[in-house]
Protein chains: 2
Amino acid sequence: MPILRNIAQLATCPSGNPQEDAGLIDNAAVAWTGDTIRWAGPAGDMPPEYNSEPAIDCERRLVIPGLIDCHTHLCFGGWRADEFAQRIAGASYQEIAAAGGGISSTVTATRAASLGELRRKASLTLDAMLRLGVTTVECKSGYGLDTANELKLLEVYRLLNQAHPVDLVATFLGAHVVPAEHRNLRARYVGLLCDELIPAIAREGLAQFCDAFVENGAFTVAEARRILSRAAEYGLQIKIHADQLSDFGGALLAAELGAVSAEHLEYISKEGIEALAGSGTVAVSLPLASFYLGEAYLPARELLTAGVPVAVATDFNPGSAPSFHLPLAMTMACVNQHMTPQEVLNGATTVAARAISASDRIGSLLPGYKADLVIVDMPSLNQWLYQFVPNACIKVLKNGLWV
Amino acid sequence: MPILRNIAQLATCPSGNPQEDAGLIDNAAVAWTGDTIRWAGPAGDMPPEYNSEPAIDCERRLVIPGLIDCHTHLCFGGWRADEFAQRIAGASYQEIAAAGGGISSTVTATRAASLGELRRKASLTLDAMLRLGVTTVECKSGYGLDTANELKLLEVYRLLNQAHPVDLVATFLGAHVVPAEHRNLRARYVGLLCDELIPAIAREGLAQFCDAFVENGAFTVAEARRILSRAAEYGLQIKIHADQLSDFGGALLAAELGAVSAEHLEYISKEGIEALAGSGTVAVSLPLASFYLGEAYLPARELLTAGVPVAVATDFNPGSAPSFHLPLAMTMACVNQHMTPQEVLNGATTVAARAISASDRIGSLLPGYKADLVIVDMPSLNQWLYQFVPNACIKVLKNGLWV
């Protein structure tokens, strides 16, 4: 039974804790067998028989659960770096879109890319995420927007989940935007999602979740209700991109449908917060998208005060959040959303696990949980989220193995 | 003569260019001998005799001048991570200071630390900066605030400059705040700076610049004028921490005294901008401080439009900017200050060199300049500053040697 000892601070992030309490233990130790945590606690309480087990000296560092990035658009063709420069130089989204840019350009590039190309590119991103301490990633389709290409993206995720140490949780986001070829007959595209794609994806087990972008310019509340209800009939769990750019009713729909998570919520209304507080839905905060877009940040304090758990994720995608740096998103959540380091760490571990319906297996360092953990080259949680460095993660344990 | 070839994009950052033009060359090559650049240009224009020289294949990557961090408080004792958590939880600066925190706690920790301890800690920071592609660092004293401890900090910089591959440029910032023991007799502390410290530092050649923090709670315009004028008499060049938290007259004083640089400038007035435009003073933007403090950002577009060059630096210090990640500061300058990637790169190379009076030797990749350069694992400048990654720098050449 391997033991981690000489841990300056251990964050156990118990799933039952209030979000402000990350279960910090100073001078701690952790033990696991196979892929499962067996014991975690103060070093002085360690059962004496563990003293003869092989021990790894953490040299007075911080140990945390493997991070969970619970909202990404992991797989896409191309990038949009030149739009970044154009936007800074004053071009509007409308001008960029009119010139063939924006999300359409990513759909074009994604459709043009082969499954192998997309897989290789996403795999390199997963490698880099893992080096940052991320051990589980939720990943959405939504840049294919037709049957063949949505299935292609979900197939990439299925293959990567088998081949890569990082665990992937797939979400079908056919309801990302209406693709150009259906723009004049939106109902036909909604019908395609409901009658063709959702049944096929459920049949093949290609996604655990179905998501919809509820926003002016994307999908109406009525369209999303139809799509997500159909997904629920087929056994998919529900996520919603809600209230990102305006108070558009997405949070209310999330509560109505019992969504597992409502994501973005930069413009959530008071009624939306109250509705989520009663629904058990997790709010997913995406500070990097707010940063890159120069937009508002999710009102974390209001949500937490209302009792809504707040996860923190990257939103990694080629338009509004081209960085997969989850620890940067976490420091931004501290600074820009006034979440405490403990709230933020829970938000990227046990609360993120809840946002993908997995908080009984991952996100906590308690006996019986998956042995996914990170040694962080910092003396404390506060120091880590305060002193932003390129990468403080120095060792990652995934399923009980060093990777 | 070593050659870098197969460069996808080379940024030469000529010191004479307008700031919006970073001298980008696609499909480029660079040659150097000893510590000096000999040739840089389109690969097709490379003199044929270079074809027999040893070449390093950049594999279609970006190459830039070594980055220059022209505003840091590199050397200090302790950290203030717990204050970070306290501030998020709602404690005010005043409350933290009253409890012995804030800058006073760093002064106490710095005074208590030995020269060797301070040197080891700062050296590790320089190692990490170099890995990010930073080859020259301006570093301020200002956490000693008495004769022995200010000289101790400047001695650390002198020793590190000899021992470490990164070049250091030292600035005396005795006028950071008035230390507690002089708080009731400010004039005595100003006298100590003018009559004892400045002459001693000039005599020993321990600093090239003298800086003063002109702000409510720090030093008045009249006090700073006295200190900086004395420094100028002793041959030190002038920098000013100006208009960071309020429009306090610092920029006007910088113009009046012909300061090499005016730093922060988050609250610079219209008159301040006009004054700097006429004085040749460089504005130094510190986006990480604005981020961590939740404060305004320097009005980069207004300054650039007025013809004031804008450098970009980290402000690395244990209070308001505990990160030394210059590329993160650069992406923040793009996003939050609407500086284009070319303006930002010039801001961290040739304009930063100007802010330390060195733009004739470093910050550009032109023949005769120092062979300080970075291979960045990105295909273009736009891609690098858009897609924030932990560290895109994969190889650093310093004084003509790979480090």
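Parameters and conventions
- Residues numbered from 1 in each chain as written.
- Chains lettered and ligands numbered in written order.
- Predicted model: local features only at pLDDT ≥ 70, side-chain atom pairs only at ≥ 80, totals over all residues.
- Heavy atoms only, no water.
- Pairing = 2+ DSSP bridges.
- Helix = DSSP H or I, 4+ residues; strand = E, 2+ residues; numbered from the N terminus.
- Axes fitted to C-alpha atoms, helices over the stretch in contact; angles between N-to-C directions.
- Contact = heavy atoms within 4.5 Å.
- Buried < 20%, exposed > 50% of the residue type's maximum accessible area, 1.4 Å probe, protein only.
- Polar contact = N/O pair within 3.5 Å; in protein donor to acceptor, adjacent residues only side chain to side chain.
- Domains from an automatic or database assignment.
- Buried area = accessible area lost by both parts, 1.4 Å probe.
- Salt bridge = Lys/Arg side-chain N within 4 Å of Asp/Glu carboxyl O.
- Nonpolar A, V, L, I, M, F, W, Y, C, P; charged D, E, K, R; others polar.
- Phe/Tyr/Trp six-rings, centres within 6.5 Å; stacked < 30°, edge-to-face > 60°.
- Lys NZ or Arg CZ within 6 Å of the ring centre and 35° of its normal.
- Parallel < 35°, antiparallel > 145°, perpendicular 65-115°, else oblique.
- Least-squares fit on C-alpha atoms with pLDDT ≥ 70 in both.

### Here's the deal with the sheet that holds strand 9 (residues 237–242) of chain A
Residues and elements named next belong to chain A. Spatially, 5-6-7-8-9-10-11-12 is the arrangement adopted by the 8 strands of the open sheet, whose pairing is parallel. In the strand order of this sheet, the two ends are held by strand 5 (67–69) and strand 12 (310–312), each with one partner. Sheet twist, expressed as the mean angle between neighbouring strand axes with direction ignored, is 25°. Looking at chain direction, strand 7 (residues 167–175) and strand 8 (residues 209–214) are connected through 3 bridges and run parallel. Within strand 8, the residue paired with Thr171 across the bridge is Phe209. On the sheet, helix 6 (residues 186–204) packs against strand 7 and strand 8 and is oriented at approximately 155° with respect to strand 7.

### Here's the deal with the side chain of B:His241
Residues and elements named next belong to chain B. If you trace the backbone, His241 turns up in strand 9 (residues 237–242). What makes His241 buried here is its relative accessible area of 3%. Of note is the side chain of His241, whose polar atom sits 3.3 Å from the side chain of His71. One polar contact links His241 to Asp211, side chain to side chain, over a distance of 3.0 Å. Ignoring sequence-local partners within four residues, the contact set of His241 consists of His71, His73, Lys140, Leu173, Asp211, Ala212, Phe213, Val214, Glu263 and His264.

### With respect to the domain arrangement of chain A
All names here are of chain A. Taken domain by domain, chain A comprises domain 1 (3–65 + 363–402) and domain 2 (67–354). On a C-alpha basis, the centres of domain 1 and domain 2 stand 30 Å from each other. Every contact between the two is made by 31 residues of domain 1 and, on the other side, 31 residues of domain 2. Both faces considered, domain 1 and domain 2 share a buried interface measuring about 2,200 Å² in area, 62% of it formed by carbon and sulfur atoms. The interface formed by domain 1 and domain 2 holds 2 salt bridges in total. Between Lys398 and Asp167 there is a salt bridge, with its nearest N and O atoms 2.6 Å apart. Here domain 1 and domain 2 share 13 residue pairs in polar contact (both at pLDDT 80 or more) between them. Residues belonging to the side of domain 1 that touches domain 2 are distributed by class as follows: 18 nonpolar, 8 polar and 5 charged.

### Structural notes on the packing of aromatic side chains
Residues and elements named next belong to chain A. Using the criterion set out here, one finds 25 aromatic pairs over all chains in the structure. Considering the side-chain rings of Trp32 and Trp402, the 6.0 Å spacing of their centres and the 80° angle between planes classify their relative orientation as edge-to-face. Linking Trp32 in strand 2 (residues 24–33) with Trp402 in strand 15 (residues 401–402), this pair joins segments that are 370 residues apart in sequence. Here Trp32 falls in the buried class, since its relative accessible area comes to 2%. On the basis of relative accessible area, Trp402 is assigned to the partly exposed category, the value being 31%. Here Phe84 and Tyr292 contribute two aromatic rings whose centre-to-centre distance is 6.3 Å and whose plane-to-plane angle is 65°, an arrangement assigned as edge-to-face. One end of the pair, Phe84, is in helix 1 (residues 81–88); the other, Tyr292, is in helix 10 (residues 287–293), with 208 residues separating them in the sequence. Residue placement shows Arg186 over the ring face of Phe219; its charged tip is 5.7 Å from the ring centre. One cation-aromatic arrangement involves Lys395 over Trp402; the distance from NZ or CZ to the ring centre is 4.8 Å.

### As for unusual backbone geometry
Apart from glycine, the bulk of residues carry a negative phi angle, and the bulk of peptide bonds sit in the trans form. Residues and elements named next belong to chain B. We note that Asn6 has phi near 60°; this positive angle belongs to a residue other than glycine. Looking at where Asn6 falls in the secondary structure, it is placed in strand 1 (residues 3–11). The class for Asn6 is partly exposed, based on a relative accessible area of 23%. One non-glycine residue with positive phi stands out, namely Asp315, at about 65°.

### Focus on the sheet that holds strand 15 of chain A
All names here are of chain A. Spatially, 7 strands are ordered 3-2-1-4-13-14-15 in an open sheet, and the strand pairing comes out mixed. Two strands bound the open sheet, and with one partner strand each, they are strand 3 (36–42) and strand 15. Note: strand 4 (residues 55–65) against strand 13 (residues 373–376), 4 bridges, orientation antiparallel. Within strand 13, the position partnered with Ile64 by the bridge is Val374.

### Some words on the packing of helix 6 of chain A against helix 7 (residues 221–233) of chain A
Residue and element names in this part refer to chain A. Interaxial distance between helix 6 and helix 7 falls to 9 Å at its minimum, and their mutual angle equals 10°. Classed by the angle they form, the pair helix 6 and helix 7 counts as roughly parallel. Across the interface between the two elements, Arg186, Val190, Gly191, Leu193, Cys194, Asp195 and Ile198 from helix 6 touch Glu223, Arg226, Ile227, Arg230 and Ala231 from helix 7. Tallied by class, the residues present in the contact of helix 6 with helix 7 amount to 6 nonpolar, 1 polar and 5 charged.

### Here's the deal with the relation of the copies chain A and chain B
After a rotation of 180° and a shift along the axis of 0.0 Å, chain A superposes on chain B with an RMSD of 0.0 Å. A rotation of that kind, with that shift, is consistent with a two-fold axis. When C-alpha positions in chain A are compared against the rotation axis, the closest is assigned to A:Pro390, at 2.2 Å. The residues that chain A uses at the interface reappear at the interface of chain B in 100% of cases, marking a shared surface.

### Quick notes on the pattern of salt bridges
Residue and element names in this part refer to chain A. Scanning all chains against the criterion turns up 42 salt bridges over all chains. With a closest N to O distance of 2.8 Å, Lys140 and Glu138 form a salt bridge. Looking at Lys140, the relative accessible area reads 0%, which means it is buried. Residue class for Glu138 comes out buried when judged on its relative accessible area of 0%. As a salt-bridge pair, Arg225 and Glu256 come within 2.7 Å of each other at their nearest N and O atoms. One end of the pair, Arg225, is in helix 7; the other, Glu256, is in helix 8 (residues 250–257), and 31 residues separate them in sequence. Note on Glu256: relative accessible area 46%, which makes it partly exposed.

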